[in-house]
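Topology and contacts: notes
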Amino acid sequence: MSEEYVVRQCAPTLAGIKTGSLFPCPYQSRQALMGEIRALNRRLSPKGLILLPVRYLDGKALLYLYRPSNLRQDLKDHLAAQVLEQAGYSCSKSEQCVVRLIRRLKENEDFPHEIGLFLSYPPEDVKGFIDNRACNFKCSGLWKVYGDEARAQAMFARFRKCTEIYCKLWQEGSSIEQLAVAV
């Protein structure tokens, strides 16, 4: 797995402005991929980041890079907790919720709609997506927006700008450890 690819896919999470990022990663050997994940975790965990494989399918792994401390805060939101409860999550800790999400990803081909709560999507947008069955949204970018359109557009722009800056810094020689902000 290329570190440049991780930077390109996860810049806002590395920067600490987004809780988590989900991205596909091709692999030849599951054992080799797990070795790469462990090595990256050794380097990124001091910055408050964890990388987990959440699904394997047809020679690709779906990886989740996230900040457990941010996820704990995100899932304390009343609406987020309600969405998770309605989706069958009976967990009181964010770590248990991640385990439940991984189980749901393995059990179903489709993405569970609550996954947005693990990626910094506003809870009202996740709930709107579920309630409206992906229709009747105000706008879309990284996700479909049902709540505060201006706030979502600002977040989309912030994430794009961060990715642009981080890719430039990577190309100029910054290491992934330098780009990963400790929060």
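Below is a short write-up of the structure. (Residues numbered from 1 in each chain as written. Predicted model: local features only at pLDDT ≥ 70, side-chain atom pairs only at ≥ 80, totals over all residues. Heavy atoms only, no water.)

1. Thoughts on the overall build of the protein
Along its length, the protein carries 8 helices and 5 strands. When the elements of the protein are put in sequence order from the N terminus, they spell out α-β-α-β-β-α-α-α-α-β-β-α-α. By the compact-globule yardstick of 16 Å for 183 residues, the protein fits well, its C-alpha radius of gyration being 16 Å. Seen through its C-alpha atoms, the protein measures out along the principal axes to roughly 45 × 35 × 30 Å. Of all 183 residues assigned to the protein, the portion counted as buried reaches 43%. Restricting the contact set of the protein to residue pairs at least 6 apart, pairs at least 24 apart contribute 56%. Computed over 26 positive and 20 negative side-chain charges, the separation of the two mean positions in the protein equals 3 Å. (Helix = DSSP H or I, 4+ residues; strand = E, 2+ residues; numbered from the N terminus. Rg over C-alpha atoms; globule rule 2.2 N^0.38 Å. Buried < 20%, exposed > 50% of the residue type's maximum accessible area, 1.4 Å probe, protein only. Contact = heavy atoms within 4.5 Å. Lys, Arg positive; Asp, Glu negative; His and termini not counted. Charge placed at Lys NZ, Arg CZ, Asp CG, Glu CD.)

2. Some details on the sheet that holds strand β3 (residues 60-66)
Ordered in space as β1-β3-β2, the 3 strands form an open sheet in which the pairing is antiparallel. Single-partner strands in this sheet number two, and they are β1 (20-26) and β2 (50-57). For this sheet the average axis-to-axis angle between neighbouring strands, irrespective of direction, equals 25 degrees. Sheet analysis places β2 next to β3, joined by 7 bridges and oriented antiparallel. Each residue of the ladder has a partner; that of Leu51, found in β3, is Leu65. Across the face of the sheet, helix α1 (residues 3-14) comes into contact with β1 and β3 while running at roughly 170 degrees to β1. (Pairing = 2+ DSSP bridges. Axes fitted to C-alpha atoms, helices over the stretch in contact; angles between N-to-C directions.)

3. As for unusual backbone geometry
Its identity as a non-glycine residue notwithstanding, Asp58 has a phi of 50 degrees, on the positive side. As for its placement among the helices and strands, Asp58 is situated in the loop between β2 and β3. On the basis of relative accessible area, Asp58 is assigned to the exposed category, the value being 75%. For Arg133, which is not glycine, the phi torsion reads 50 degrees and is therefore positive. For Arg133, the location among the structural elements is in the loop between α6 (123-131) and β4 (139-140). On the basis of relative accessible area, Arg133 is assigned to the exposed category, the value being 72%.

4. Regarding the packing of aromatic side chains
The final tally for this structure, using the stated rule, is 7 aromatic pairs. For the ring pair Phe137 and Tyr146, a centre distance of 6.4 Å and an interplane angle of 75 degrees mean the geometry is edge-to-face. For Tyr146, a relative accessible area of 13% puts it in the buried group. Between the aromatic rings of Trp143 and Phe156, the centroid separation amounts to 4.7 Å while the plane-to-plane angle is 70 degrees, which identifies the pairing as edge-to-face. One end of the pair, Trp143, is in the loop between β4 and β5 (144-145); the other, Phe156, is in helix α7 (residues 149-171), with 13 residues separating them in the sequence. Exposure class is identical for Trp143 and Phe156. Each is buried. Over the aromatic face of Tyr56 sits the side chain of Arg30, whose NZ or CZ is 3.5 Å from the ring centroid. Taking the ring centre of Tyr89 as reference, the NZ or CZ of Arg100 above it sits at 5.7 Å. (Phe/Tyr/Trp six-rings, centres within 6.5 Å; stacked < 30°, edge-to-face > 60°. Lys NZ or Arg CZ within 6 Å of the ring centre and 35° of its normal.)

5. So, the pattern of salt bridges
Applying the stated rule across the entire model yields 9 salt bridges. The residue Arg8 makes a salt bridge to Glu4 at a minimum N-O spacing of 3.5 Å. With a gap of 4 residues between them, Arg8 and Glu4 both fall in helix α1, about one helical turn apart. By relative accessible area, which is 33% here, Glu4 ends up partly exposed. A salt bridge links Lys168 to Glu172; the nearest nitrogen and oxygen atoms lie 2.8 Å apart. Glu172 carries the same exposure label as Lys168, and that label is exposed. If you follow the salt bridges from partner to partner, you end up with Glu3, Arg43 and Glu177 in one network. (Salt bridge = Lys/Arg side-chain N within 4 Å of Asp/Glu carboxyl O.)

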